[in-house]
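Residue-level structural notes
Given next are the chains, with one letter for each unit.
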Amino acid sequence: MSIEKGNLSIHSENIFPIIKKWLYSDHDIFARELISNASDAITKLKQLSQMNEASIDENTKFQIDVTLDEQAKTITFSDNGIGMTDEEIKKYINQIAFSGAEDFLAQYKDKSDKEQIIGHFGLGFYSAFMVAETVEIHTLSYKKNAEPAIWRCDGGTEFELEKGHRQTRGTEITLHISEDGKEFLNEYTLRNTIKKYCSFMPYEIYLTVVGKEPAKDADGNVIIEEPKPLNTTTPLYAKSPSECTDEEYKAFYRNTFNDFKEPLFWIHLNMDYPFNLKGILYFPKLNTEFDTIEGQIKLYNSQVFIADNIKEVIPEFLLLLKGVIDCPDLPLNVSRSFLQNDGFVRKISNYISKKVADKITGLFKTERETFQGFWDDISPFIKFGGLKDEKFYESVEGIYLYKTLNDQYVTLDEYLAEAVGKHENKVFYVSDALQQAQYIKLFKDHDLNAVILSHGIDSAFMSMIESKKEGVSFVRIDADINEHLVEAETMTEEVKKEATDKLQEMFVKALGIENLKMKLEPMKSESLSAMIVLSEESRRMQDMMRMYGMNGLDPNMFKTETTLILNSKHPLVKHLLDNAQVDEATRTLICEQLYDLAMISHAPLSGEAMTKFIDRTNALLLKLI
């Protein structure tokens, strides 16, 4: 068989179902695409005028009008832009995927401002057929002696093109809404759709509802209101940071995110080379650690909304923030919903990370007191960033702060410097200030310090710091008996062993815990009778298993052992040792009470244990009567 060559044939009857069902993920995209086309039509006309290739009145107000007629089941998009001739309709509308924007840029590549042209693929217009059974175009070109034209199509393979009757330059596209698109005949739905995608379009967009009753005052008089555009044509992020006030930044935040809590601070991104990127990132004020899930970064392309939280562009840890980013250079796919070109996108992501790191390190160096005031709110984000991005960690490693027991904020180096002579390269921490109050008091009484690490992310954060800082270790305040909390031993080794064995036997019998680990130590604090310690290694294993327990694993697979520390100087412990005549019931009562008092400062008691503790406490009080 001989080699045969030819051209592939694409039929519109096969293309339309693909466009209607698969090209765009959401049906409301049609509003974005048609308004974008209208915006491009105006931009082209303005650029032609600047090149003296089109004549327009200098007082012309460019705008885009959307008209909803629920009765007629139509939505109309109208602009006063460049318009089209019948030949241009044949070229740009009848030829699917032939982009008028790309053709314009190619024709005027040395003169036009490419940044302002939105369209690229020549398919946006056909998104109208996702919600319309028939589409009509009424248009009149800017060209001298041009004749108006009407084009209509029902989404099949045939169209009609005839002389029109439009008197003014521009294009009007009317959608006769189908059953699939009837939700957009609702004013609220259509208005919100336009605001969603077109809030920052460069030309004012107005929505008119045919047959809508005008607003009236209390006396029944019609209130004449000035039409208000649905969008802001010059969003704050498009301005130079030097032109923006704090109040404008706050107002933009409120209006964009409907969040009336003031942001802590913000970063204004403004870059022209090697790619064009503008935006504002806000650090929101958090009420609880769970607020972090509410971050929202809106991504725009030439002032057209693309999507929220696109992870390819926005580093994952930045998704905890709120903000707007506009990058006309984004390599979007044909539906303008997804990205192409991983290498270029990664550069954008790296740039955003660097700007955030530069901002917070600059704030730390120049306004440390202000930075410390923000720390509790921003620390989860900065810690998460360090865990997720090595370069980000390297940029911010010196500004991680730790809140101490004295309510001071110190860096790791500052904490370790203060601890010289007390504990070398060891960071004591508190994970629950209320639960560990007894241990905190011990530390304060003996001039020792610890840091508060109580957020859910801190376990992973500590492990990261230990891996980065050689020799540095984090130890919870109740992980072991610090040498500074214990006095010199006065008992001989033999006497201490005998006393320990005696107490061990008592407590094992009273508690029914055969493998109870126990130590007898002369604590400096005589008021402390007993305490529970759990090694840091065991605690980390416990935390890890608790985390995996959420995925169906039993956190008790690996048993972790606690140690009961008894204070040999406390009267109750002495009483148990020195009074052999104490009846067994009272001895059991004391042993159980000492153990539960120690346990309460270590971890919450179970419901059953708490009930027994309360009953036992009542029994002890009755003995005083």
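Small disclaimer: the values here were computed from a predicted structure and weren't measured. (Residues numbered from 1 in each chain as written. Predicted model: local features only at pLDDT ≥ 70, side-chain atom pairs only at ≥ 80, totals over all residues. Heavy atoms only, no water.)

Overview of the pattern of salt bridges
- If you walk through the whole model with that rule in mind, you get 36 salt bridges.
- Note that Glu187 is salt-bridged to Lys212, the shortest N-O span being 2.9 Å. Of this pair, Glu187 sits in helix H5 (residues 187-198) while Lys212 sits in the loop between strand S7 (204-209) and helix H6 (246-257), and the two are 25 residues apart along the sequence.
- When its relative accessible area of 49% is taken as the criterion, Lys212 is described as partly exposed.
- When the shortest N-O distance is used, the salt bridge between Lys468 and Glu390 registers 2.6 Å. (Salt bridge = Lys/Arg side-chain N within 4 Å of Asp/Glu carboxyl O. Helix = DSSP H or I, 4+ residues; strand = E, 2+ residues; numbered from the N terminus. Buried < 20%, exposed > 50% of the residue type's maximum accessible area, 1.4 Å probe, protein only.)

What about the pairing of strand S2 (residues 74-79)?
- With six of six residues buried, S2 lies mostly within the body of the structure.
- On S2, burial covers both faces: Thr74, Thr76 and Ser78 on one face and Ile75, Phe77 and Asp79 on the other are all buried.
- Inspection of the sheet shows strand S1 (residues 63-69) paired to S2 by six bridges, in the antiparallel sense. Within S2, the residue paired with Ile64 across the bridge is Asp79.
- Alignment of S2 against strand S6 (residues 170-177), held across six bridges, turns out to be antiparallel. Paired with Phe77 across the two strands is Ile173, which belongs to S6. (Pairing = 2+ DSSP bridges.)

A few points about H6
- Over its twelve residues, H6 runs 17 Å from end to end, which matches the ideal 16 Å to within 8%, given 1.5 Å per residue.
- What H6 keeps buried is the set Tyr249, Lys250, Phe252, Tyr253, Thr256 and Phe257. Within H6, the buried residues cover an arc of 160° as seen down the axis, which keeps them to one side.
- Residues of H6 that are buried make contact with strand S8 (265-271), strand S9 (277-283), strand S10 (296-301) and strand S12 (322-326).
- Positive phi appears at Asn258, one or two residues downstream of H6, with a value of about 50°. (Expected span 1.5 Å × (residues − 1). Arc of directions from axis to C-beta. Contact = heavy atoms within 4.5 Å.)

Considerations on the pairing of strand S5 (residues 159-163)
- Here strand S4 (residues 149-153) runs beside S5; their pairing, made up of five bridges, is antiparallel. Within the sheet, the bridge partner assigned to Ala149 lies in S5 and is Lys163.
- The antiparallel hairpin formed by S4 and S5 contains five residues in its connecting segment, where Gly155 sits at a positive phi of about 85°.

Some remarks on the sheet that holds S10
- Strand order across the open sheet formed by five strands is S8-S9-S12-S10-S11, with mixed pairing between neighbours. Looking at strand neighbours, the two that pair on one side only are S8 and strand S11 (304-308), the edges of this open sheet. Shown here is a sheet whose adjacent strand axes are inclined to one another by a mean of 15°, direction ignored.
- As judged from the five bridges shared by S9 and S12, these two strands associate in the antiparallel manner. Paired with Tyr282 across the bridge in S12 is Lys322. (Axes fitted to C-alpha atoms, helices over the stretch in contact; angles between N-to-C directions.)

With respect to the packing of helix H2 (residues 29-50) against H5
- Relative orientation of the contacting elements H2 and H5 amounts to 60°, with a least axis distance of 9 Å. Taken together, H2 and H5 sit at an angle that is classed as oblique. In this structure, H2 crosses over H5, and the sense of that crossing is right-handed. Contacts between H2 and H5 involve Ile29, Ala31, Arg32 and Ile35 on the former and, on the latter, Thr193, Ile194, Tyr197 and Cys198.
- Split by residue class, the contact of H2 with H5 holds six nonpolar, one polar and one charged. (Parallel < 35°, antiparallel > 145°, perpendicular 65-115°, else oblique. Left-handed = near helix turned anticlockwise from the far one by under 90°. Nonpolar A, V, L, I, M, F, W, Y, C, P; charged D, E, K, R; others polar.)

Observations regarding the packing of helix H15 (residues 571-578) against helix H16 (residues 584-600)
- For the pair H15 and H16, interaxial distance at closest approach is 11 Å and the crossing angle is 145°. Crossing handedness for the pair H15 and H16: left-handed. For the pair H15 and H16, contact is made by Leu572, His575 and Leu576 and by Arg587, Ile590, Cys591 and Leu594, respectively.
- The residue inventory of the contact of H15 with H16, partitioned by class, reads five nonpolar, one polar and one charged.

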